[in-house]
Structure formats: C-alpha cells, structure tokens
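# Tertiary structure, described
Chain residues, written in single-letter form:
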Amino acid sequence: MTTLDDREQMRSNTELIGRADVHDLEAVLSVVGHYDEEGHHGVPNNCPAEFTWDYNKGSKPSLDKLYEKAKKAQWNAQSDLDWSIEVDQEAVVIANADANPAQMSFTPDVVAGTVLEKWDEQRFIEFGVQNQNWLLSQFMHGEQGALICTAKIVETVPWIDAKYYAATQVMDEARHVEVFSKYLDEKLSGHYPMNAHLGMLLDDIVADSRWDMTYLGMQIMVEGLALAAFGFIHMMTTEPLLKKLLRYVMADEARHVAFGVLSLQEYYQELSAAELRERQEFAYEAAVRMKDRMAMQEVWERMEVPTSDVIKVMQAGPEQDDFQILLFSKIVPNLRKLGLLDAADGWLRQKFTEMGAIAFEHLSDSTEEEDAFADGSPAERGVA
Ligand SMILES: [Fe+2]
Ligand SMILES: [Fe+2]
C-alpha cells in the first residue's frame, strides 16, 4: 500500500507539466508549434528490442482473438472511399455551423472587447476554414505518432500474440496517415505543424525506456482521446467524405484502444505501488498535454488574435470547455479498468476530479466496444 511518505515524494504540478496551475491559459498559449527547419524531427529511443522464443500462438487468447479480427477488418484507403466527392470548404463551415448552432460559441457577449468584435462574416468563415486545416493536420501528425509507437511496440512487447497484433496496427496507422494526408492535400487548403503540446507528449512517449509506457501513452491516452474526438467530429460534420473516412478510422481505433487495455490489464496487477504511481503521473501529464492542445494556439496566431483576447474568448465560451472534457469519456473508464484511478490512494482520481472529467468513470471500457471485435472491414459491414 502507498504510505504518506510515498505521497510526499509525488512530483508537483510544476515538475510534471511545467506550471503550477493546470488551468493557466497564458502558459498554455505561450507554447506554439512550428515545423522543424530541417523538415524532420528525431527522438532518441531508449527502449530495448525484445526477442521471444515462445512462438506459441494463442497464449494470450484475447490478444489472439483481436489479431484474427484485425486481419479481416482491413480496408483500402484508395478504393473504399469515394475521393471524387468535391469539398467546398467554406460551404462546409457554413453548413456545419447551421447544423450545430449550440457549438457556435462566438455570441456577441463572448467576443465583446476583443478583436473578434470587429470581424465580419467572411473573417469568421476564414477562422472556420483554418480550424479545419489545423484539426485535420493534428489528426495526421497524431497518426504518424501512432505509426511510430506501434512499430516500437512490435519490437519491445515481450509476447508473440501482442507482436502479431501490433503488426496489424502498424498497417492500420499507415492507412490513417495516408487518408488524413490525402484529405488535407486534395480537399482542404493548407497544413499546420504539429501542435507544441501534442509534440511534447509524443516525444515523451517515444523516449520512455519502459515498453508499457508506449501503450499507456499511445493506446490508452492518445488513441482514447482520438476515438472520442473522431466520434464528435463524425457526429458534427455535414461533409460526407470526412464522415465516412472518420467512421472507418474509428472502427480501427476501437480495436487499438482495446489492445492497450487487454495488454496492460494483467501486467499492471503485478506492479508495485511506486511503479503504479509513475504510471499515474505519466497518464496525468498526457491528459494535461492533450487538453492543452485544444487551445489551438497555432490557429489564433495565424488569425493574428492577441493572447489576451484568446484568453477572454476561451473563458467566455463554456461549450469549448465541455468539449474538452467530453474528450476524456473513453480514457477515464479504461484507466479505471487498469486500476490506475484508484492506485496510490486515488491520486489520479483526484487529478481527474480537478479537471472535471471523473464523471465518465462508469461508462463502458474499450474491451466492450462492438467495433473492436466486429467481423469484417467497415466497408463490408456497411457502417455509417
Ligand atoms: Fe490511427
Ligand atoms: Fe490507432
């Protein structure tokens, strides 16, 4: 059991996330992502590769089952989606706003006293267009993070069934990078660099020397959030190609998150309180980085809105905050299933309570998602 001494040794917010107050928007907005000038980005990878001589397929039955499902669930990004659909980005921004009036948080009282007060309709549409370019760019960069992390899991996880399954996920993630990149190039009007907070998180995940941290950071945290975000955008968008594309990606992501829970569940039962506490801190740091990226400072910068105005607008628009919290709806039940909410005297439960996200803990976890064990590809199943 965790003792008081252990709790006192826990790292502070400043040590974990670089600021004392998790809600300090000025600190969040002060970090803006830019492309590395050399056009690439290297991260040291400290996790040893692991051979196993135990080739006994099916030793981990739940992972074996997932692997067999994954082989039949593959789809083809080029031929299963209708890329002939024309996308008029400005028309999509207007149609989405009309279809989701509650999400339009730029009411006169929200923009009062900021530069947005002087924006005409065209400027708001431009903001919506930039918003799409930014969001899809972040999806694409995050997918590349998943591709790299999953290739790493193939190397580092000790069990053959997990190596087999992870190999199918590498293929899935290649397809996801491919579809978001193609959508950005052919249907939208510009790219954004990786958001600074997302970049810090992915660097931390890749650089960690413990194999389970790749899973915890990627499959549980990043992909858990992605699944909720894709679901939200899928529900909101009126654009048919993006809708279908997201639905197909979500079918794969459901499997990926289930892979994370199934792989870590047993392993975490064997860890000591001190080891679990390190995992809790890692999960908390990841949650904060992902919440921070939603401030989308790269868009505000491009629209030339000063930070003080961004803070005013963000604090006046409660819907945005609700959306940020909703993004944790997949993560919290999975952390609970892994025992991480309640380890170390419920330290992580307390952190998620402070963030306002604990209400989701009793939703079903990702091993119960229908898509995760569905038969056939989404194209064959005719999912919509
Ligand atoms: Fe993905
Ligand atoms: Fe994924």
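Description of the structure in this document.

Thresholds, definitions, all that
- Residues numbered from 1 in each chain as written.
- Chains lettered and ligands numbered in written order.
- Predicted model: local features only at pLDDT ≥ 70, side-chain atom pairs only at ≥ 80, totals over all residues.
- Heavy atoms only, no water.
- Helix = DSSP H or I, 4+ residues; strand = E, 2+ residues; numbered from the N terminus.
- Rg over C-alpha atoms; globule rule 2.2 N^0.38 Å.
- Buried < 20%, exposed > 50% of the residue type's maximum accessible area, 1.4 Å probe, protein only.
- Contact = heavy atoms within 4.5 Å.
- Areas by Shrake-Rupley, 256 points an atom, 1.4 Å probe, with all protein chains shown as cover.
- Lys, Arg positive; Asp, Glu negative; His and termini not counted.
- Charge placed at Lys NZ, Arg CZ, Asp CG, Glu CD.
- Phe/Tyr/Trp six-rings, centres within 6.5 Å; stacked < 30°, edge-to-face > 60°.
- 1 Å grid on protein atoms, 1.4 Å probe; cavity = no way out; pocket = protein on both sides within 12 Å on 5 of 7 lines; lining within 4 Å.
- Points joined across faces, edges and corners; volume = space filled by probe spheres on them.
- Donors = N, O, S within 2.8 Å, 3.2 Å for Na, K, Ca; no water.
- Tetrahedral: all angles 85-135°; square planar, octahedral: opposite > 155°, others 65-115°.
- Patch = residues over 30% accessible without salt bridge, like charges linked within 9 Å, V, L, I, M, F, W, Y side chains within 5 Å.
- Salt bridge = Lys/Arg side-chain N within 4 Å of Asp/Glu carboxyl O.

Scanning the protein for helices and strands turns up 18 helices and zero strands. Against the compact-globule benchmark of 21 Å for 384 residues, the protein has a radius of gyration of 21 Å, which places it among compact chains. Counting every position in the protein, which comprises 384 residues, the buried fraction comes to 56%. Residue pairs in contact within the protein that sit at least 24 positions apart in sequence constitute 85% of those at least 6 positions apart. Of the accessible surface of the protein, which amounts to about 16,700 Å², a share of 52% is contributed by carbon and sulfur atoms. Computed over 34 positive and 66 negative side-chain charges, the separation of the two mean positions in the protein equals 5 Å.

Now for the packing of aromatic side chains. Across all of its chains, the model carries 19 aromatic pairs by this definition. On the numbers, 5.8 Å between centres and 75 degrees between planes, the contact of Trp-211 with Tyr-215 is edge-to-face. Of this pair, Trp-211 and Tyr-215 both sit in helix α10 (residues 211–236), four residues apart, which is roughly one turn of the helix. Each residue in the set Trp-159, Tyr-165, Trp-211, Tyr-215, Phe-259, Tyr-267 and Tyr-268 is aromatic and connected to the rest through ring pairs, giving one cluster.

With the rule as written, the count across this model stands at one cavity of 30 Å³ or more. Reported here for the largest cavity is a volume of approximately 120 Å³. Contributing to the lining of the largest cavity are 13 residues, with Phe-139, Gly-142, Glu-143, Val-222 and Ala-226 lying nearest its centre.

Moving on to the coordination of the iron ion (ligand 2). At this site the iron ion (ligand 2) is bound by Glu-173 (OE), Glu-223 (OE), Glu-253 (OE), Glu-253 (OE) and His-256 (ND1), with donor distances of 1.8 to 2.8 Å. Sequence spacing of the donor residues for the iron ion (ligand 2), all on one chain, is E-x49-E-x29-E-x2-H. A separation of 2.9 Å is found between the iron ion (ligand 2) and the iron ion (ligand 1), which share Glu-173 as a coordinating residue. Taken together, the positions of Glu-223 in helix α10 and His-256 in helix α11 (residues 240–269) put the pair 33 residues apart, joining distant regions of the chain. Assigned by exposure class, Glu-223 and His-256 land together as buried.

Before going further, it helps to examine the coordination of the iron ion (ligand 1). At the metal site, the iron ion (ligand 1) is ligated by Glu-143 (OE), Glu-173 (OE), His-176 (ND1) and Glu-253 (OE), and these contacts range over 1.9 to 2.2 Å. Its four donor atoms give the iron ion (ligand 1) angles of 84 to 141 degrees at the centre, a pattern that matches the irregular case. Take His-176: its relative accessible area is 0%, and that puts it in the buried class. Glu-253 sits in the buried class, given a relative accessible area of 1%.

A contiguous nonpolar patch, built from Phe-51, Trp-53 and Tyr-55 and spanning about 490 Å² of accessible area, is present on the exposed surface. Along the polypeptide, Phe-51 turns up in the loop between α3 (25–29) and α4 (61–72).

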